[in-house]
Amino acid sequence: MIAMGVASYFNDLVMPGSWAACMDVGGKYAGTLSGTMNMVGNLGGALSAVVTPFILGRMNNNWSVIFYVEATVYFSGILFWLFLDPVTPLEAED
């Protein structure tokens, strides 16, 4: 429970920056951009419910592999955020 609480805390810690980046980059399309970001995140959560049993079946119920896959996904997200330029909007101003 403590680990889940700490993970939830750090997840909520990054949320304001994520939504602020959507507003900075999206401009008048901030709602569309943040909705797309939210949809893709939920799609990843839904896919994990399908992929996890598949991986466990292939790896003889080795849960360590699941944690490595999840860690890889999270670190990939960190890498992608490094290439985001929140100063440059999607649409040029008039």
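Throughout, residues of each chain are indexed from 1 in the direction in which the sequence is written. Residues qualify for local features only when their pLDDT is at least 70, as the model is predicted, and side-chain atom pairs are given and counted only at 80 or more; totals for whole chains, interfaces and linings, by contrast, use all residues. Only hydrogens and water are set aside; all other atoms, that is, all heavy atoms of the structure, feed into the side-chain values.

Peer 1: Please clarify how the packing of aromatic side chains should be interpreted in this entry.
Peer 2: Here the distance between the centres and the angle between the planes together describe a pair of aromatic rings. We call Phe, Tyr and Trp rings a pair once their centres come within 6.5 Å, taking the six-membered ring for Trp, and we label the pair stacked below 30 degrees between planes, edge-to-face above 60, and tilted otherwise. All chains considered together, the criterion is met by one aromatic pair. Measuring from centroid to centroid gives 5.1 Å for tyrosine 9 and phenylalanine 10, while their planes differ by 75°, and the two rings are edge-to-face. Here phenylalanine 10 falls in the partly exposed class, since its relative accessible area comes to 49%. Burial here depends on accessible area, computed with a 1.4 Å probe over protein chains only, as a share of the maximum for the residue type. Under 20% is buried, over 50% is exposed, and the range in between is partly exposed.

Peer 1: When you look at helix α2 (residues 30-58) in this model, what are you seeing that I'm missing?
Peer 2: Since one α-helical turn is 3.6 residues long, residues separated by three or four positions face the same way. Between the first and last C-alpha of α2 there are 41 Å, a value that for 29 residues agrees with the 42 Å anticipated at 1.5 Å per step. At serine 48, α2 is deflected by roughly 30°, the largest bend along its length. Residues Ala30, Ser34, Thr52, Ile55 and Leu56 constitute the buried set of α2. Strands here are runs of E lasting at least two residues and helices are runs of H or I lasting at least four, both read from the DSSP assignment and numbered beginning at the N terminus. In the stretch just after α2, asparagine 60 is the one whose phi turns positive, near 55°. One less than the residue count of a helix, multiplied by 1.5 Å, gives the span that helix is expected to have. Bend is the name given here to the angle between axes fitted to two runs of seven residues, the run ending at a residue and the run starting at it.

Peer 1: Help me understand the packing of α2 against helix α3 (residues 63-82) in this model?
Peer 2: For any two helices packed against each other, the geometry comes down to the angle between their axes and how far apart the axes lie. Geometry is summarised by axes, namely lines fitted to C-alpha atoms with helices restricted to the contacting stretch, and by angles between N-to-C directions that run from 0 to 180 degrees. Interaxial distance between α2 and α3 falls to 9 Å at its minimum, and their mutual angle equals 135°. Of the possible angle classes, the one that applies to α2 and α3 is oblique. Between α2 and α3 lies a crossing of right-handed hand. For the pair α2 and α3, contact is made by Thr52, Ile55 and Leu56 and by Trp63, Val65, Ile66 and Val69, respectively. Residue classes in the contact of α2 with α3 are distributed as six nonpolar, one polar and no charged. Should an angle fall under 35 degrees it is called roughly parallel, over 145 degrees roughly antiparallel, and 65 to 115 degrees roughly perpendicular, with every other angle called oblique. In a left-handed crossing the near helix is turned counterclockwise from the far helix by less than a right angle, and in a right-handed crossing that turn is clockwise. Only heavy atoms enter the contact rule, under which two residues are in contact if any of them lie within 4.5 Å. Think of it as three bins: nonpolar holds Ala, Val, Leu, Ile, Met, Phe, Trp, Tyr, Cys and Pro, charged holds Asp, Glu, Lys and Arg, and polar takes everything else, Gly as well.

Peer 1: Help me understand the side chain of serine 18 in this model?
Peer 2: Positionally, serine 18 belongs in helix α1 (residues 2-26). Overall, the relative accessible area of 12% leaves serine 18 in the buried class. Setting aside anything within four residues of it in sequence, one finds serine 18 in contact with Met37 and Trp81.

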